[in-house]
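Each chain, letter by letter, is given below.
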Amino acid sequence: MYYADIKQYDVANGAGVRVSLFVSGCTHHCKGCFNKETWDFHYGNPFTEAEIEKILAYLEPDYVAGLTLLGGEPMEPVNQEGLLPLLRRVHERYPQKNIWCYSGYLFDRDIVGQMCKESETTKELISYIDILVDGEFIQEKKNLKVNFRGSDNQRIIDVKKSLETGEVVHWDGEIQ
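First things first, this report covers the structure right here in the doc. Please read all numbers here as calculations on a predicted model, not as lab measurements.

What about the nonpolar core?
So, point 1. Ranked by internal contacts, the top residues of the largest apolar core, which has 34 residues, are Leu 21, Ile 55, Leu 67, Leu 69 and Leu 86.
So, point 2. Secondary-structure elements contributing two or more residues to this core are strand E1 (2-10), strand E2 (17-23), helix H1 (49-59), strand E4 (64-71), helix H2 (77-93), strand E5 (98-103), helix H3 (107-118) and helix H4 (120-128).
So, point 3. Among the elements that take part in this core, H2 stands out by supplying five residues, more than any other.
So, point 4. Dropping the residues within four chain positions of it, Leu 21 is found in contact with Met 1, Tyr 3, Asp 5, Ile 6, Phe 47, Ile 55, Thr 68, Leu 69, Leu 70, Leu 83 and Leu 86.

A short note on the sheet that holds strand E6 (residues 131-134)
So, point 1. Spatial ordering of the open sheet is given by E3-E1-E2-E4-E5-E6-E7, a layout of seven strands whose pairing is mixed. Across the chains shown, the open sheet's two edge strands, defined by having one partner strand only, are strand E3 (45-46) and strand E7 (155-158).
So, point 2. Where E4 and E5 come together, four bridges link them in parallel fashion. Paired with Leu 69 across the strands is Cys 101, a residue of E5.
So, point 3. Running over the sheet, H1 touches E1, E2, E3 and E4 and is turned about 15° from E1.
So, point 4. Its contacts with the sheet put H2 on E2, E4 and E5, and the angle it makes with E4 is roughly 175°.

What about the pairing of E7?
Along any regular strand, the residues point their side chains to alternate faces of the sheet.
So, point 1. A two-sided burial pattern is seen for E7, the buried positions comprising Arg 155 and Ile 157 on one face and Ile 156 and Asp 158 on the other.
So, point 2. Summarising the sheet, E6 and E7 pair through four bridges and their orientation is antiparallel. Of the residues in E7, the one forming a bridge with Asp 134 is Arg 155.

Structural notes on the pattern of salt bridges
It is possible for side chains bearing opposite charge to pair when their charged atoms get close.
So, point 1. Under the counting rule described, the total for this entry stands at twelve salt bridges.
So, point 2. Note that Glu 49 and Arg 89 form a salt bridge whose closest N and O atoms lie 2.8 Å from each other. Taken together, the positions of Glu 49 in helix H1 and Arg 89 in helix H2 put the pair 40 residues apart, joining distant regions of the chain.
So, point 3. Using a relative accessible area of 26% as the deciding quantity, one classes Arg 89 as partly exposed.
So, point 4. The closest approach of N and O atoms between Asp 134 and Arg 155, which form a salt bridge, is 2.6 Å.

Describing H3
So, point 1. Taking 1.5 Å per residue, twelve residues should reach 16 Å; H3 reaches only 14 Å between its end C-alpha atoms and comes up short.
So, point 2. Those residues of H3 hidden inside the fold are in contact with H2, E5, H4, E6, E7 and helix H5 (159-165).

Looking at the side chain of Glu 76
So, point 1. By the element assignment, Glu 76 lies in the loop between E4 and H2.
So, point 2. The buried charged residue Glu 76 lacks any salt bridge partner; its closest oppositely charged side chain belongs to Arg 109, at an N-O distance of 12 Å.
So, point 3. Aside from chain neighbours lying at most four places away, what touches Glu 76 is Gly 25, Cys 26, Thr 27, Phe 41 and Tyr 105.

Quick notes on the packing of H1 against H2
So, point 1. Orientation of H1 relative to H2, taken along the N-to-C sense of each, is 30°, at an axis distance of 10 Å. If you check the angle between H1 and H2, you find them roughly parallel. Read as a crossing pair, H1 and H2 show a hand that is right-handed. In this structure, H1 uses Glu 49, Ile 52, Glu 53, Ile 55, Leu 56 and Leu 59 to contact H2, whose residues at the interface are Pro 85, Leu 86, Arg 89, Val 90 and Arg 93.
So, point 2. Class assignment for the residues of the contact of H1 with H2 results in seven nonpolar, no polar and four charged.

Cut-offs applied
- Residues numbered from 1 in each chain as written.
- Predicted model: local features only at pLDDT ≥ 70, side-chain atom pairs only at ≥ 80, totals over all residues.
- Heavy atoms only, no water.
- Core = buried A, V, L, I, M, F, W, Y, C linked by side-chain atoms within 4.5 Å.
- Buried < 20%, exposed > 50% of the residue type's maximum accessible area, 1.4 Å probe, protein only.
- Helix = DSSP H or I, 4+ residues; strand = E, 2+ residues; numbered from the N terminus.
- Contact = heavy atoms within 4.5 Å.
- Pairing = 2+ DSSP bridges.
- Axes fitted to C-alpha atoms, helices over the stretch in contact; angles between N-to-C directions.
- Salt bridge = Lys/Arg side-chain N within 4 Å of Asp/Glu carboxyl O.
- Expected span 1.5 Å × (residues − 1).
- Lys, Arg positive; Asp, Glu negative; His and termini not counted.
- Parallel < 35°, antiparallel > 145°, perpendicular 65-115°, else oblique.
- Left-handed = near helix turned anticlockwise from the far one by under 90°.
- Nonpolar A, V, L, I, M, F, W, Y, C, P; charged D, E, K, R; others polar.

And the structure:
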């Protein structure tokens, strides 16, 4: 897996101060994408143990709420393989911190409805994610007034509650 950037301090992509990892590689190719360079699966640098250690160190301060995954597309199969070791380590070391993920794939149809059924990696990866912002960016539905989303069609999903209930539960603005 390759990555485009690691932001030590990010307040735009999830609740609170966050560490954000922008992965490379995306097959959605949304019209109006703000990060077109990350469509290329080999853009940026290889994601190695050194980057995992850097992210873990960035997450250490108490004021950092958690980690955000975006890109590119974190849920592309090759990116899932690269992200799984990171999420295992974050979950183990910082169980009190939350993990957000931005994906153009739909949670119920694509991720749970298909990917989780076909891949143990997806099943494990999604178990570590607290909040998922799903749906492709649609330029015609762009809305600068909505928090943590680019377009009105995107949903902010409480993954844990959704997996428990078996239906999509929208995030209520609280993180447990």
